[in-house]
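Listed here are the chains, written in short residue letters.
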Amino acid sequence: QVQLVESGGGLVQAGGSLRLSCAASGSIFRITAVGWYRQAPGKQRELVATITSGGETTNYADSVKGRFTISRDNTKNTAYLQMNSLKPEDTALYHCNAIGGRYYPWGQGTQVTVSS
């Protein structure tokens, strides 16, 4: 079993930065490609960034490319999302999880709110 705990969200003004963390239990995390997802009220969950198990390859949604950076430290079983130049449309509840359709139980997520 894997547990995921997201943290680092908060309230920030447009143009500001936040760094989200995703702490995962178990060594299985080290061989799992992960992504950051977000969901705003009334909208479907969106995958915004992915990273391969060894960190070699990253991908981003067009909406965040150039502003967000995903990374991971497998020695700490932790993934990160550095968010710069935040926009109000980035406001959402952010989760981490596996990618490819085989999800672990979802954590509580961390709320990011960007004000104008």
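Predicted, not measured: the structure shown is a model, and the values here were computed from it.

*Asks:* In this structure, what is going on with the environment of cysteine 96? I would like to understand it.
*Replies:* Looking at where cysteine 96 falls in the secondary structure, it is placed in strand E9 (residues 92-98). Taking C-alpha positions, cysteine 96 is 15 Å from isoleucine 28, a pair spaced 68 residues apart along the chain. Leave out the neighbours within four places in its chain, and cysteine 96 touches Leu4, Glu6, Cys22, Gly35, Trp36, Tyr37 and Trp106.

*Asks:* Help me understand the side chain of histidine 95, please; the structure alone is not making it clear to me.
*Replies:* Among the structural elements, histidine 95 can be located in strand E9. With relative accessibility at 7%, the residue histidine 95 sits in the buried group. Among the polar contacts made by the side chain of histidine 95, one reaches the main-chain carbonyl oxygen of glycine 107 at a distance of 3.2 Å. Setting aside anything within four residues of it in sequence, one finds histidine 95 in contact with Glu6, Gly35, Trp36, Tyr37, Trp106, Gly107, Gln108 and Gly109.

*Asks:* Any chance you could explain the sheet that holds strand E10 (residues 110-115) here in plain terms?
*Replies:* Note: strands within a sheet are paired through backbone hydrogen bonds, in either parallel or antiparallel orientation. With respect to topology, 6 strands assemble into an open sheet ordered E2-E10-E9-E4-E5-E6, the strand pairing being mixed. The two strands at the open ends of the sheet, each matched to only one other strand, are strand E2 (10-13) and strand E6 (58-60). Ignoring strand direction, the axes of neighbouring strands in this sheet form an average angle of 25 degrees. Pairing of E9 with E10 involves 3 bridges; the strand directions are antiparallel. Note on E10: the bridge partner recorded for leucine 93 is glutamine 111.

*Asks:* Explain the state of the cysteines here, please?
*Replies:* A disulfide bridge is the covalent bond that connects two cysteines by way of their sulfur atoms. If you walk through the whole model with that rule in mind, you get 1 disulfide. Disulfide partner of cysteine 22: cysteine 96, at an S-S distance of 1.8 Å. Handedness of the cysteine 22-cysteine 96 disulfide follows from its S-S torsion of about 65 degrees: it is right-handed. Taken together, the positions of cysteine 22 in strand E3 (residues 18-24) and cysteine 96 in strand E9 put the pair 74 residues apart, joining distant regions of the chain. Each of the two residues, cysteine 22 as well as cysteine 96, counts as buried.

*Asks:* Help me understand the nonpolar core, please; the structure alone is not making it clear to me.
*Replies:* In a soluble, globular protein the nonpolar side chains are often hidden away together inside. Core analysis: the biggest nonpolar cluster contains 26 residues, and Trp36, Leu81, Met83 and Tyr94 have the highest contact counts within it. Of all the elements in the fold, those that place two or more residues in this core are E3, strand E4 (34-39), strand E5 (46-51), strand E7 (68-73), strand E8 (78-83), E9 and E10. Looking at this core, the element that brings in the most residues is E3, giving 4 residues.

*Asks:* What am I meant to see in the packing of aromatic side chains here?
*Replies:* Remark: the centre distance and the inter-plane angle together describe each pair of aromatic rings, the angle taken between the planes. Summed over the entire model, instances satisfying the criterion amount to 3 aromatic pairs. When the ring of tyrosine 37 is compared with that of tryptophan 106, the centres are 5.2 Å apart and the planes differ by 80 degrees; the resulting orientation is edge-to-face. Here the residue tyrosine 37 occupies a position in strand E4, and tryptophan 106 occupies one in the loop between E9 and E10, the gap between them amounting to 69 residues. Here a set of aromatic residues connected by ring pairs shows up, and it is made of Tyr37, Tyr103 and Trp106. Over the face of the ring belonging to tryptophan 106 we find arginine 45, whose NZ or CZ atom lies 4.1 Å from the ring centre. Of note, arginine 72 hangs over the ring of phenylalanine 29, and the distance from its end group to the ring centre comes to 4.5 Å.

Reading the values: rules and limits
- Residues numbered from 1 in each chain as written.
- Predicted model: local features only at pLDDT ≥ 70, side-chain atom pairs only at ≥ 80, totals over all residues.
- Heavy atoms only, no water.
- Helix = DSSP H or I, 4+ residues; strand = E, 2+ residues; numbered from the N terminus.
- Contact = heavy atoms within 4.5 Å.
- Buried < 20%, exposed > 50% of the residue type's maximum accessible area, 1.4 Å probe, protein only.
- Polar contact = N/O pair within 3.5 Å; in protein donor to acceptor, adjacent residues only side chain to side chain.
- Pairing = 2+ DSSP bridges.
- Axes fitted to C-alpha atoms, helices over the stretch in contact; angles between N-to-C directions.
- Disulfide = S-S within 2.5 Å.
- Core = buried A, V, L, I, M, F, W, Y, C linked by side-chain atoms within 4.5 Å.
- Phe/Tyr/Trp six-rings, centres within 6.5 Å; stacked < 30°, edge-to-face > 60°.
- Lys NZ or Arg CZ within 6 Å of the ring centre and 35° of its normal.

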